[in-house]
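# Structural characterization, general
Chain by chain, the residues run as shown.
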Amino acid sequence: MSDLTTDRLVLRSWPAGEVSAVVAGGSRFPHWAEDFPAEGDRVIAGFIAGHPGTPGQRQIVERATGLVVGSVGLFPPADGTIEFGYGIVPSRRGRGYASEAARAIAAFALTAPDIHTVSARVELSNPASARVLEKAGLTRVSADAGTALFQATAPLPEPSPGSLPSPQPAS
């Protein structure tokens, strides 16, 4: 699977050795941000370990430093809809990386055959995550007592002012 490159990030497949290191909780790699992996990264690494060969799980790499600063993942589709999750380590939050990565993975997912909708769920107690999805071009479509569902359909809407362009596969 080719990398996805945005202005400031590269979304790349997880190397098997790094999946194992995160799941085992042992080794650290020099190209990880000091607070990587965060809890969400451990969840995604565990998903990869339990579902080998599932495409769409990627590390988020800060282009300026080459450091892994989070992860984003697509989960198995159902009825033309694919869900994704994301996370950025605390040291890199507030820089727009989550919206940039969410927009990139959503745009990528919408190019897949038979996929017409991308979705993501956020806890209502986390309004910053809801803003991430809105900036990435998704719209809140429903909510229950604890979570809200955001979706976008193909083609992904144009970025809001101040957000970054859609991703391009790395050459």
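So, a few notes on the structure that sits alongside this text. (Residues numbered from 1 in each chain as written. Predicted model: local features only at pLDDT ≥ 70, side-chain atom pairs only at ≥ 80, totals over all residues. Heavy atoms only, no water.)

## Things to note about the nonpolar core
Where we set the bar: Throughout this description, the term nonpolar core refers to a set of buried Ala, Val, Leu, Ile, Met, Phe, Trp, Tyr and Cys residues connected via side-chain atoms within 4.5 Å. Burial classification: accessible surface area is computed with a 1.4 Å probe over protein chains only, and a residue below 20% of its type maximum counts as buried, one above 50% as exposed, and the rest as partly exposed. Numbering of helices and strands starts at the N terminus; helices are DSSP runs of H or I of at least 4 residues and strands are runs of E of at least 2. Only heavy atoms matter for contacts: two residues are in contact if any of them lie within 4.5 Å across the pair.
The biggest cluster of nonpolar side chains holds 47 residues, and the ones touching the most others in it are Trp-14, Phe-36, Ile-60, Phe-84 and Val-118. Take this core: its biggest share by element is eight residues, from helix α3 (residues 97-109). Setting aside residues up to four positions removed in sequence, Val-118 forms contacts with Ile-82, Phe-84, Ala-106, Ala-109, Leu-110, Leu-138, Phe-150, Gln-151 and Ala-152.

## Here we look at the pattern of salt bridges
Here is the rule we go by: We count a salt bridge whenever a side-chain nitrogen from Lys or Arg sits within 4 Å of a carboxyl oxygen from Asp or Glu.
For the structure on display, the rule yields five salt bridges. The residue Arg-8 makes a salt bridge to Glu-100 at a minimum N-O spacing of 2.8 Å. Placement of the pair is Arg-8 in the loop between β1 (4-5) and β2 (9-13) and Glu-100 in helix α3, with a sequence separation of 92 residues. Look at Arg-8 and you get partly exposed, because its relative accessible area is 29%. With its nearest N and O atoms 3.1 Å apart, the salt bridge here joins Arg-92 to Glu-62. Of the two residues, Arg-92 is situated in the loop between β5 (81-88) and α3 and Glu-62 in strand β3 (residues 57-62); the sequence distance between them amounts to 30 residues. Linked by salt bridges that have partners in common, Glu-62, Arg-92 and Arg-95 make up one network.

## A short note on the packing of α3 against helix α4 (residues 127-135)
Here is the rule we go by: Every angle, taken between N-to-C directions, lies between 0 and 180 degrees, and every axis is a line fitted to C-alpha atoms, over only the stretch in contact when it is a helix. Oblique is the label for any angle not covered by the other classes, which are roughly parallel (under 35 degrees), roughly antiparallel (over 145) and roughly perpendicular (65 to 115). Two helices cross in a left-handed way if the nearer one is turned anticlockwise from the farther one by less than a right angle. They cross in a right-handed way if the turn is clockwise.
At a minimum axis separation of 8 Å, α3 and α4 run at an interaxial angle of 50°. When the axis of α3 is compared with that of α4, the two are oblique. Between α3 and α4 lies a crossing whose hand is right-handed. Each of Ala-98, Ser-99 and Ala-102 in α3 lies in contact with α4, whose residues at this interface are Arg-131, Val-132 and Lys-135.

## Description of the side chain of Ser-129
Along the polypeptide, Ser-129 turns up in helix α4. The class for Ser-129 is buried, based on a relative accessible area of 13%. Those residues within four positions of Ser-129 in sequence are excluded, and the remaining contacts are Tyr-86 and Val-122.

## With respect to the packing of aromatic side chains
To be explicit about the condition: Stacked, edge-to-face and tilted are the three classes for Phe, Tyr and Trp ring pairs, Trp counted by its six-membered ring, which pair at centre distances within 6.5 Å; planes under 30 degrees apart are stacked, over 60 edge-to-face, the rest tilted.
Applying the stated criterion to the full structure yields five aromatic pairs. Relative to Phe-36, the ring of Trp-32 lies with its centre 5.1 Å away and its plane at 70°, an arrangement referred to as edge-to-face. For Trp-32, a relative accessible area of 4% corresponds to the buried category. Judged by centre distance (6.1 Å) and plane angle (40°), the rings of Phe-84 and Tyr-86 are tilted. Owing to a relative accessible area of 3%, Phe-84 belongs among the buried residues under this scheme. Here a set of aromatic residues connected by ring pairs shows up, and it is made of Trp-14, Phe-29, Trp-32 and Phe-36.

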